[in-house]
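The lines below spell out each chain.
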Amino acid sequence: MFWKKQTQSQEGTGTAVQATGNVIITVNNQGLTVGDVKEIALDVMRANLLDFKGRAQETALERGAEITDKFLAKLAEDNPEGLQQAETPDFQDALFTIQKEYAKAGDADLGDLLVDLLVDRTKQEERNIMQIVLNESLHTAPKLTDGQIAALSAIFLCRYVQNNGLGSIAALGEFLEKHIGATIGKISYSDSTFNHLEFAGCGTVSAFGGHSLEGIWTQIYPGLFKSGFEEAKTEGLQLSAEVMRRLILPCLNDATKLQVAALNMTVLEEKLVANGVGVEDAQTLKNLLTEGTYGEPEIRTRVLAVAPFLTEFLDRWKATSISKFSLTSVGMAIGHANIKRITGEFSSLKIWIN
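Rules used throughout
- Starting afresh in each chain, residues are numbered from 1 along the sequence in its written order.
- Local features in this predicted model are restricted to residues of pLDDT 70 or higher, and side-chain atom pairs are both shown and tallied only at a pLDDT of 80 or more, whereas totals for entire chains, interfaces and linings draw on every residue.
- To obtain the side-chain values, all non-hydrogen atoms of the structure were used and water was disregarded.
- Every helix listed is a DSSP run of H or I at least four residues long, and every strand listed is a run of E at least two residues long, numbered separately from the N terminus.
- Computation of the radius of gyration draws on C-alpha atoms, with the globule rule given as 2.2 Å multiplied by the number of residues to the power 0.38.
- We call a residue buried when its accessible area falls under 20% of the maximum for its residue type, exposed when it is over 50%, and partly exposed in between, using a 1.4 Å probe and counting protein chains only.
- Note on contacts: a residue pair is in contact if any heavy atoms of the two residues lie within 4.5 Å.
- Only the protein chains shown count as cover for residues, with accessible areas throughout obtained via the Shrake-Rupley method and a probe of 1.4 Å.
- His residues and chain termini do not enter the charge count, which takes Lys and Arg as positive and Asp and Glu as negative.
- To locate a charge, the coordinates of NZ of Lys, CZ of Arg, CG of Asp or CD of Glu are taken.
- Here pLDDT means the predictor's own confidence in every residue, given as a number from 0 to 100.
- Criterion for a disulfide: a pair of cysteine sulfur atoms within 2.5 Å.
- For this analysis, a ring pair means two rings from Phe, Tyr or Trp (six-membered ring only for Trp) whose centres lie within 6.5 Å, classed as stacked if their planes differ by under 30 degrees, edge-to-face if by over 60, and tilted for the remaining angles.

## A look at the overall build of the chain
Helix and strand content of the chain: 16 helices and six strands. Over its C-alpha trace the chain gives a radius of gyration of 28 Å, far above what one expects of a compact globule, namely 20 Å for 354 residues. The principal-axis extents of the C-alpha atoms in the chain amount to approximately 90 × 75 × 30 Å. The buried share of the chain, taken over its 354 residues, is 44%. If you take every contact in the chain between residues at least 6 apart in sequence, the share linking residues at least 24 apart comes to 73%. Accessible area for the chain stands at about 18000 Å²; split by element, carbon and sulfur atoms hold 50% of it. Side chains of the chain give 33 positive and 45 negative charges; the mean places of these two sets differ by 1 Å.

Structure, rendered in structure tokens:
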């Protein structure tokens, strides 16, 4: 059998496949590119921002293009797969929301916050609670002042975030300074602030008393605030040498004493399972973890010794409605995005909203 000499030809971006004749299959292997999405985004912007007149229209288009470029750069870095959502109505509506709001405000911090929210929104490929919350957050954040957004960040970090990697009171101070130190001076504490946040759907003010920060830290990080116990106390507890070696350590605040090697009950329970600790020994260790915790005045003194920037914050927290404010999912999303804007990275919002 004789075969004719085969030839190939291809045009444009097609993929040529050789057979007994010429076959051309055109496939867009890459999907939408950054350039494609930018063109879509600018088309959406021009179609909607032309309602502005004169110089306002020029300013709106300039700001809209600026925030679009910021968003696409962030999206290409954090979630390039999200580019493929650009042709969906929901995505285009969300994108136009940040273009419009930034065009009106021109506030760089608000723009960065909206970009972070929209990038997180692109990670939701189907309609779910996270997508709904982030869509709503894009509309809500522009209705808030810098001081109100700073308050949401502080409440979110102090009441809803548990960092199980902390190993000292100084580390707690460093953690707080990194994540809210830059905005702590901007927080608005007035009653009208929390009334507005409640009106905007970011949270609710409890009719009952608030929670002091010292009390919150006692619950979340009891291991940081131990006075310790004498070594003699362990002799009557009948803990095995292996359990003593792995789960008892010198007290963080007094090296002459001992404490349970766990930041809080959650960490302890994980360690108990990992080390195969028996029921009786486990209960003994849980009891030890709840003993010898400093009172709130001592906690305040020790925290301020390593983090004096918290002085006014602690006073204001106790004296105003910030201590009584509980966040909704939208309040969490905005507080989370603002912390991410400040630090450049933070744990996934899915930890709190799922």
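Past the structure itself, the notes keep going.
## Looking at the confidence of the model for the chain
Interpretation of this model should avoid reading the predicted coordinates in detail wherever pLDDT is low. Across the chain, the average pLDDT comes to 87, with 92% of residues at 70 or higher. This stretch, residues 1-29, has a pLDDT under 50; its non-local contacts, to residues over four places away or in other chains, come to 25 contacts.

## Side note on the state of the cysteines
Covalent bonding between the sulfur atoms of two cysteines defines a disulfide. Within this structure, the stated rule accounts for zero disulfides. Cys158 carries a free sulfur, and the closest cysteine sulfur to it, the one in Cys202, is 17 Å from it. With a relative accessible area of 2%, Cys158 lands in the buried category.

## With respect to the packing of aromatic side chains
Inspection of the entire model under this criterion finds six aromatic pairs. Ring plane angle 45° and centroid distance 6.1 Å describe the contact between Phe71 and Phe91, whose orientation is recorded as tilted. On the criterion of sequence distance, the pair formed by Phe71 in helix α2 (residues 54-78) and Phe91 in helix α3 (residues 89-105) is long-range, its members being 20 residues apart. Measuring from centroid to centroid gives 4.9 Å for Phe156 and Trp352, while their planes differ by 65°, and the two rings are edge-to-face. Of this pair, Phe156 sits in helix α6 (residues 146-160) while Trp352 is found in the segment after α16 (329-343), placing the two residues 196 residues apart along the sequence. Accessibility assignment for this pair places Phe156 and Trp352 in one class, buried. Grouping aromatic residues by their ring pairs yields a cluster made of Phe156, Phe346 and Trp352.

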